[in-house]
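Observations on the model geometry
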Amino acid sequence: MADTPSAPRTARQRVRAELTAEITDVARAHLAERGADGLSLRAVARDLGMVSSALYRYFPSRDHLLTALIVEAYDAVGGAAESAVAEVDATDLAGRWMALATATRRWAVAHPHEWALIFGSPIPGYRAPEDTIDPAARIPLLLIGLGQQAADRRRRPRRAEVPVPPSVSADLERLREATGTTLDDHELARGIAAWTALVGTISFELFGHLTNVIVDHEAFFALQMEAVGRDLGLGVSGT
């Protein structure tokens, strides 16, 4: 059966969508100036020429506004990674990994404050709701998919592995059930290590931890991610 066309938005809905976008635009500017813990609905309303009570109809609290910004950031970086991966031949796993990593870093460099919002220090008093789970999982799920493809290609165990502690194995089993992957414990653990290497390398660059250590961040990042891809068993990019 053909999809039913969605009903056109009413004028009120269009106005609400436009004003919501304006609110989040101003809030992002405040993030850059004051950080997430300095975000204030009153300050955002003042910059928009609104009374606070009017803004509360769109975002009932600071945490609701933070959640909207967090979801928006996760979706933006996840979408950038997904688009980059889709442009690489499906058989080139290493190339897809490098596309994922490069697109993620490129987005982070262009949006450092949004990156800090989702991967920086926890925000005092804020607890992320379940609304953030699916957006936050977009890049990790891409990575799990690449790992699954690599595992499916292998016919023999890659190497002798150190034992996985039972408590960690239980955690990885829950992850396996949640994602539907058949990756074993060691493969999943390597995937998590790859994710932390990706986020950590970008964060070290953006938060200044490599200042006076690395000058060519782009080349260093590529070197690190190529090594991660080899450790994941993805082969060499372009092969």
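Residues numbered from 1 in each chain as written. Predicted model: local features only at pLDDT ≥ 70, side-chain atom pairs only at ≥ 80, totals over all residues. Heavy atoms only, no water.

**What to know about the layout of surface pockets**
Rule in force here: Buriedness for pockets is judged along seven lines, at least five of which must meet protein on both sides within 12 Å for an open set on the 1 Å grid over protein atoms alone, while cavities are sets there where a 1.4 Å probe fits but cannot get out, and lining residues have an atom within 4 Å of a point. Grid points are joined across faces, edges and corners, and a volume is the space filled by probe spheres set on the points. Note on conventions: DSSP H or I runs of at least 4 residues are helices, E runs of at least 2 residues are strands, and numbering of each starts at the N terminus. Following the grouping adopted for this structure description, the nonpolar residues are Ala, Val, Leu, Ile, Met, Phe, Trp, Tyr, Cys and Pro, the charged ones are Asp, Glu, Lys and Arg, and the polar ones are all others, Gly among them.
Space inside the largest pocket adds up to approximately 240 Å³. If you trace the largest pocket, you find 16 residues lining it, with Leu143, Ile144, Leu188, Gly191 and Ile192 closest to the centre. Contributions of two or more residues to the lining of the largest pocket are made by α8 (138–153) and α10 (185–206). Partitioned by chemical class, the residues of the lining of the largest pocket number ten nonpolar, two polar and four charged. Volume-wise, the second largest pocket comes out at about 180 Å³. Every residue lining the second largest pocket is listed: Ile70, Tyr74, Leu117, Ile118, Gly120, Ser121, Pro122, Ile123, Tyr126, Ala128 and Thr132. Taken together, the elements giving at least two residues each to the lining of the second largest pocket come down to α4 (62–86) and α6 (112–119). Each residue belonging to the lining of the second largest pocket can be placed in one class, and the counts come to eight nonpolar, three polar and no charged.

**Things to note about empty space enclosed by the protein**
Taken as a whole and assessed by the stated rule, the structure comprises one cavity of 30 Å³ or more. Estimates place the volume of the largest cavity at around 30 Å³. Elements that contribute at least two residues to the lining of the largest cavity include exactly α10 and α11 (217–231). For the lining of the largest cavity, the element with the most residues is α11, which contributes three residues. Grouping the amino acids of the lining of the largest cavity by side-chain chemistry returns three nonpolar, two polar and one charged.

**Details of the packing of aromatic side chains**
So the rule is basically this: For this analysis, a ring pair means two rings from Phe, Tyr or Trp (six-membered ring only for Trp) whose centres lie within 6.5 Å, classed as stacked if their planes differ by under 30 degrees, edge-to-face if by over 60, and tilted for the remaining angles.
Enumeration over the complete set of coordinates arrives at three aromatic pairs. Taking the centre distance of 4.4 Å and the plane angle of 45° together, the rings of Trp115 and Phe119 count as tilted. Highlighted residues: Trp115 and Phe119, both in helix α6, separated by four residues, approximately one helical turn. On the numbers, 5.8 Å between centres and 75° between planes, the contact of Phe119 with Trp195 is edge-to-face. In this pair, Phe119 is assigned in helix α6 and Trp195 in helix α10, connecting sequence segments 76 residues apart.

**Considering the pattern of salt bridges**
When the charged atoms of two side chains with opposite charge come close together, those side chains can pair. Basically, it comes down to this: Any carboxyl oxygen of Asp or Glu that lies within 4 Å of a side-chain nitrogen of Lys or Arg is treated as forming a salt bridge with it. When accessible area is computed with a 1.4 Å probe and restricted to protein chains, residues below 20% of their type maximum are described as buried, those above 50% as exposed, and intermediate ones as partly exposed.
For the structure on display, the rule yields eleven salt bridges. In this structure, Arg28 engages Glu72 in a salt bridge whose closest nitrogen and oxygen atoms are separated by 2.2 Å. Highlighted residues: Arg28 in helix α1 (residues 11–34) and Glu72 in helix α4, separated in sequence by 44 residues. The exposure class assigned to Arg28 is partly exposed, which follows from its relative accessible area of 21%. The exposure class of Glu72 is partly exposed, given its relative accessible area of 36%.

**Overview of the confidence of the model for the protein chain**
Quick note on the threshold: Every residue is assigned a pLDDT by the predictor, reflecting its confidence on a scale from 0 to 100.
In the predicted model, the protein chain carries a mean pLDDT of 91, and the fraction of residues at 70 or more is 92%. When the elements of the protein chain are averaged for pLDDT, helix α3 (residues 52–55) gives the smallest value, 87, and helix α5 (residues 93–110) the largest, 98.

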